[in-house]
Amino acid sequence: MNNTIKYSVDADGIALLVIDLPDKSMNVLTPELTSDMTACVEKMVADENVKGAVLTSGKSAFIAGADIKDMVTAYDRGITAEEGYEFSQGLTRFLRELETCGKPVAVAINGLALGGGLEVCLACHYRILSDDPRAVLGLPEVTIGLLPGAGGTQRLPRLIGTADALPMILQGKSIKPAKALELGVVHEIAPAAELVGRAKAWLLENGDPVAPWDKKGFKVPGGAGAMTPRNMQTFMMGTSLLAKTTQHNYPAPIAAISAVYEGCITPIDTGLDIESQYFGQLLSGVVARNMMRSLFVNKGAADKLVRRPAGIEKSRISKLGILGAGMMGAGVAYVSAKAGIQVVLLDTGIEAAERGKAYSEGLLNRAVQRGYSTEEKAKGLLDMIHPTTDYNDLEGCDLVIEAVFESREIKADVTAKTEAVIPENAIFASNTSTLPITGLAEASKRPESFIGLHFFSPVDKMPLVELIVGEKSSDEAIARGLDYIKQIRKTPIVVNDSPGFYTSRCFSTSTNEGMTMLAEGINPALIENGAKMAGLPVGPLAVMDEVTLDLGYKITMQAAADQGDDYTFDSGFPVIRKFVEDLDRKGKRFGKGFYEYPEGEKKYLWPGLAGHYPLAEEQPPVEEVKNRLLYRQALETARCLEEGVLNHPADADIGSIFGWGFPPWTGGTLSFIDTVGIGHFVEECDRMAKAYGPRFAVSDWLRQRAAEGKGFH
Ligand code: NAD
């Protein structure tokens, strides 16, 4: 029985194979599809009346990639590298049979073809791609810790040369039809409706059933191996660049470049074998499990609103109010207008409100200049943002997001003024970064409609929004908040109310650890480089300069004033205090902080640091610096789960990667604990608590979990 492919033969003897998975909006490469394709190819080869075949899809896209259901569980099932090799060989062998079946096969790529989808195309003898810009081609496997394991690392370089193939394989970026034609990934582009007809025409007129690399005298375009001038540069620069960008935390790009290098100097069958061996190593490793699970499976579920309370009708925001047109308000206005939402952008003065709108104008001008948008589209988007100072303009808003100064009084004042105007059933959300939502909701007459929507800066680039549930927030408010996050194409996590919520609380532990190490006399360059070697995007001291020491100072002083004698200052706070009160080095915005910012030149660590924090005689190994930063954040995350600030380990992982750049190779903060092993994690924290202080102390809850060997996933 064939469920996934419609097979027919026309009067000219051309078989048409239409891939159309039942009950799915996209075709994905499942074991069933592979087995159906095998059966269809056998049938077409055996049928004497059939001259050749056209492969296409019955959906608007061709094939979105491989189904990773089996792959994501591979590590936890304990598969070996050999079993991973066999897994890869399954599809590889079939595609090689297709390629050498003796009859020509053309593929009509009627929409996007990614990963395994593109690898199927590469094994066909002729490729015609739809000219629709959405019909992108790509090999995104490295972005989830794998490599293209069905011939991608072998056929693509043999087709277009290693220098052009490597960026696609190593960066996982897709290319549009025009580029695919220019590079020679496809033979033709044509309107979608003409693809099958043209494919048939090629089969009848030409129909060469032998792939270029199976022809005598074949040479990889531009040469194989490292000894041609261009390849020498590609491989030498490529490997050192990879070492720099991955810091050896990500095995996939290194494995992929090795597969290309070693595979392309051998015949194709050996090359395919080499590729599968590298694939097997990756699939049986923990990094691929971490990346597939957090970046693909769990992020995908979050994007589909897995945490949305059930039984509430879907909603859409058509008119959004934003209070405060500063850095955050302006960014939220842009992403919302981009999603087709009418935005009222309110500030105390019209100039400030206009400035907020001008932020979008700046972004759009750049997009037009770079060819990502048109003047017309940009104008249409700008017309959707209405700067104002008049609360009456908020009438009819379904959602209002407050992004005024971080002051309880001002926030209470704008909440009351807004509620006097907006509809009874509108949702009110605060973008506060530190003030608990339940407390802010006290200023509201409808605390059930009050939630936190915590955006990250810069809003147009950062993919995450942290939805904070106040004590009285209703399920409906949560559901509608999530619908809005989906509408603006961001990824949500849902957390409960608590100081700093989840992301700010855990993220700040790493900057605190960095400053504590500085105060201990650890070399600041070692701290900064250790962070980068662990996979964090920037060092903790550089981050502190970016968010400004001044802000850290103000937040701490406010919290200390609020909590009185109960307040315990963080271990790194004396450093902040010295920099703000004594040294007047408040961060990048103020022109100086831990770094110097000479105009037009690269920043560098302030040489004066050594005078205030003399280097300790004995410096720790870099591993210790890396671990202090990672363990501290992971431990705080575990506390958030214990306290109920977090409800799900998946939210913790996604929030840490997409909110503050916790290294993706770890799979996120809680996956990191699972990766090192919860028992080992607790032992290390115990050691660090003795060495560095009680901030590394493990709770009974976590210790018990470790004793039971109970990880988080
Ligand atoms: P900002 O200082 O850039 O902007 C605040 C804006 O609010 C200013 O334009 C100001 O004129 C306006 N404003 C002040 N009082 C007002 C009033 N009564 N009515 C209307 N407008 C008023 O600040 P920001 O960085 O955009 O932060 C805004 C909020 O977002 C704060 O609560 C902050 O904690 C939070 N937040 C900031 C970041 C960040 O990285 N900056 C990240 C997440 C959340």
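1. Remarks on the overall build of the protein chain
At step 1: When helices and strands are tallied, the protein chain shows 29 helices and 18 strands.
At step 2: Dimensions of the protein chain along its principal axes, counting C-alpha atoms only, are 90 × 65 × 55 Å.
At step 3: Counting across all 713 residues of the protein chain, residues that qualify as buried make up 56%.
At step 4: Carbon and sulfur atoms make up 53% of the accessible area of the protein chain, which totals about 30500 Å².

2. Section: the state of the cysteines
At step 1: Taken as a whole and judged by the stated rule, the model has zero disulfides.
At step 2: With no disulfide of its own, cysteine 124 lies closest to cysteine 121 among cysteine sulfurs, the gap being 6.2 Å.
At step 3: No disulfide involves cysteine 685; its sulfur sits 13 Å from the nearest other cysteine sulfur, which is in cysteine 506.

3. Points about the domain arrangement of the protein chain
At step 1: Domain parsing of the protein chain yields domain 1 (5-207 + 218-284), domain 2 (319-499) and domain 3 (504-707).
At step 2: One C-alpha centre belongs to domain 1, the other to domain 3, and the line joining them spans 43 Å.

4. As for the side chain of glutamate 188
At step 1: One can find glutamate 188 in strand β8 (residues 188-190).
At step 2: Here the side chain of glutamate 188 touches tyrosine 126 through a polar contact of 2.8 Å, side chain to side chain.
At step 3: When sequence neighbours within four positions are dropped, the list of residues in contact with glutamate 188 reads Tyr126, Arg127, Ile128, Leu129, Leu181 and Arg198.

5. Regarding the site of the ligand
At step 1: Taken together, 21 residues surround the ligand, and among them Met328, Asp347, Glu406, Lys411 and Ser433 come closest.
At step 2: At 2.5 Å from an oxygen atom of the ligand is found a side-chain nitrogen or oxygen belonging to glutamate 406.
At step 3: Contributions of two or more residues to the shell around the ligand are made by α13 (327-338) and α16 (408-419).
At step 4: For the shell around the ligand, the element with the most residues is α16, which contributes three residues.
At step 5: Along the lines of polarity and charge, the residues of the shell around the ligand split into ten nonpolar, eight polar and three charged.

6. Description of the environment of serine 8
At step 1: Residue placement: serine 8 occurs in strand β1 (residues 5-9).
At step 2: It is 9.7 Å that separates the C-alpha atoms of serine 8 and alanine 53, two residues lying 45 residues apart in sequence.
At step 3: If sequence neighbours within four positions are ignored, serine 8 has contacts with Ile14, Ala15 and Leu16.

7. A closer look at the sheet that holds strand β12 (residues 399-402)
At step 1: The mixed open sheet is built from eight strands, whose spatial order is β11-β10-β9-β12-β13-β14-β15-β16. Each of the sheet's edge strands pairs with one partner strand only, and the pair in question is β11 (385-388) and β16 (491-496). For this sheet, the mean inter-axis angle between neighbouring strands, taken without regard to orientation, is 25°.

8. Digging into the packing of helix α6 (residues 162-171) against helix α9 (residues 229-246)
At step 1: Where α6 meets α9, the closest approach of the two axes is 10 Å, and the angle between their N-to-C directions is 20°. Compared by their axis directions, α6 and α9 come out roughly parallel. Contacts between α6 and α9 involve Thr162, Ala163, Asp164, Leu166 and Leu170 on the former and, on the latter, Arg230, Asn231, Thr234, Phe235 and Leu242.

9. Regarding the packing of aromatic side chains
At step 1: This model, assessed by the stated rule, comprises 20 aromatic pairs.
At step 2: Residues phenylalanine 579 and phenylalanine 594 carry aromatic rings whose centres are separated by 4.6 Å and whose planes lie at 50° to one another, so their mutual orientation is tilted. Residue phenylalanine 579 is located in helix α23 (residues 573-582), and its partner phenylalanine 594 is located in the loop between α23 and β17 (595-596); the two are separated by 15 residues in the primary sequence.
At step 3: Under the relative-accessibility criterion, phenylalanine 579 is labelled buried at 0%.
At step 4: A centroid spacing of 6.1 Å and a plane angle of 85° characterise the contact between phenylalanine 579 and tryptophan 606, whose relative ring orientation is edge-to-face. Taken as a pair, phenylalanine 579 in helix α23 and tryptophan 606 in the loop between β18 (604-605) and α24 (609-612) lie far apart in primary sequence, 27 residues in all.
At step 5: Put simply, the rings of Tyr502, Phe507, Tyr631, Trp660, Phe662, Trp665, Phe672 and Phe681 touch in pairs and so form one group of aromatic residues.
At step 6: Its end group placed over the ring of tyrosine 613, lysine 578 keeps NZ or CZ at 5.2 Å from the ring centre.
At step 7: Positioned above the aromatic ring of tyrosine 692, the side-chain terminus of arginine 628 is 3.6 Å from the ring centre.

10. Things to note about unusual backbone geometry
At step 1: Across the junction of serine 457 and proline 458, the peptide omega takes the value -5°, indicating a cis bond.
At step 2: Within the secondary structure layout, proline 458 lies in the loop between β14 (450-454) and β15 (464-469).
At step 3: The phi dihedral of glutamine 247 is positive, around 50°, even though this residue is not glycine.
At step 4: On the secondary structure map, glutamine 247 appears in the loop between α9 and α10 (251-264).

11. Section: a nonpolar patch on the surface
At step 1: There is a patch of nonpolar side chains on the surface, built from Met227, Met232 and Met236 and spanning about 350 Å² of accessible area.
At step 2: Tracing the backbone through its elements, the reader meets methionine 236 in helix α9.

12. A few points about the pairing of strand β9 (residues 319-323)
At step 1: Where burial is concerned, most of β9 is hidden: four out of the five residues are buried.
At step 2: Judged from the five bridges that link them, β9 and strand β10 (residues 342-346) form a sheet pairing that is parallel. Counted as the bridge partner of leucine 320 is valine 343 from β10.
At step 3: In this region the chain leaves β9, passes through α13 and returns to the parallel neighbour β10; the handedness of that crossover is right-handed.
At step 4: Note that β9 and β12 share four bridges and pair parallel. Bridge assignment links leucine 323 to a residue of β12, and that residue is glutamate 402.

13. Brief notes about the sheet that holds strand β6 (residues 126-130)
At step 1: The strand order across the open sheet formed by six strands is β1-β2-β3-β4-β6-β8, and the pairing between neighbours is mixed. The sheet is open, and its two edges are formed by β1 and β8, each paired on a single side. Strand after strand, the sheet turns through a mean of 20° between neighbouring axes, direction not considered.
At step 2: Here three bridges tie strand β3 (residues 52-57) to strand β4 (residues 105-109), and the two strands are oriented parallel to one another. By the bridge assignment, leucine 55 is partnered in β4 with valine 107.
At step 3: Against the sheet, helix α1 (residues 31-46) makes contact with β1, β2 (14-19), β3 and β4, and its axis sits at roughly 10° relative to β1, the strand it touches most.

14. Notes on α23
At step 1: Those residues of α23 that fall on the buried side of the exposure criterion are Phe573, Val575, Ile576, Phe579 and Val580. Down the axis of α23, the smallest arc covering the buried residues is 160°, so these residues share one side. Exposed side chains of α23 directed beyond 90 degrees from the buried face belong to Pro574 and Asp582.
At step 2: Buried positions along α23 lie against α19 (503-520), α21 (540-547), α22 (549-563) and α24.

About the cut-offs
- Residues numbered from 1 in each chain as written.
- Predicted model: local features only at pLDDT ≥ 70, side-chain atom pairs only at ≥ 80, totals over all residues.
- Heavy atoms only, no water.
- Helix = DSSP H or I, 4+ residues; strand = E, 2+ residues; numbered from the N terminus.
- Buried < 20%, exposed > 50% of the residue type's maximum accessible area, 1.4 Å probe, protein only.
- Areas by Shrake-Rupley, 256 points an atom, 1.4 Å probe, with all protein chains shown as cover.
- Disulfide = S-S within 2.5 Å.
- Domains from an automatic or database assignment.
- Polar contact = N/O pair within 3.5 Å; in protein donor to acceptor, adjacent residues only side chain to side chain.
- Contact = heavy atoms within 4.5 Å.
- Near = heavy atom within 4 Å.
- Nonpolar A, V, L, I, M, F, W, Y, C, P; charged D, E, K, R; others polar.
- Pairing = 2+ DSSP bridges.
- Axes fitted to C-alpha atoms, helices over the stretch in contact; angles between N-to-C directions.
- Parallel < 35°, antiparallel > 145°, perpendicular 65-115°, else oblique.
- Phe/Tyr/Trp six-rings, centres within 6.5 Å; stacked < 30°, edge-to-face > 60°.
- Lys NZ or Arg CZ within 6 Å of the ring centre and 35° of its normal.
- Patch = residues over 30% accessible without salt bridge, like charges linked within 9 Å, V, L, I, M, F, W, Y side chains within 5 Å.
- Salt bridge = Lys/Arg side-chain N within 4 Å of Asp/Glu carboxyl O.
- Right-handed = clockwise from strand over helix to strand, strands pointing away.
- Arc of directions from axis to C-beta.

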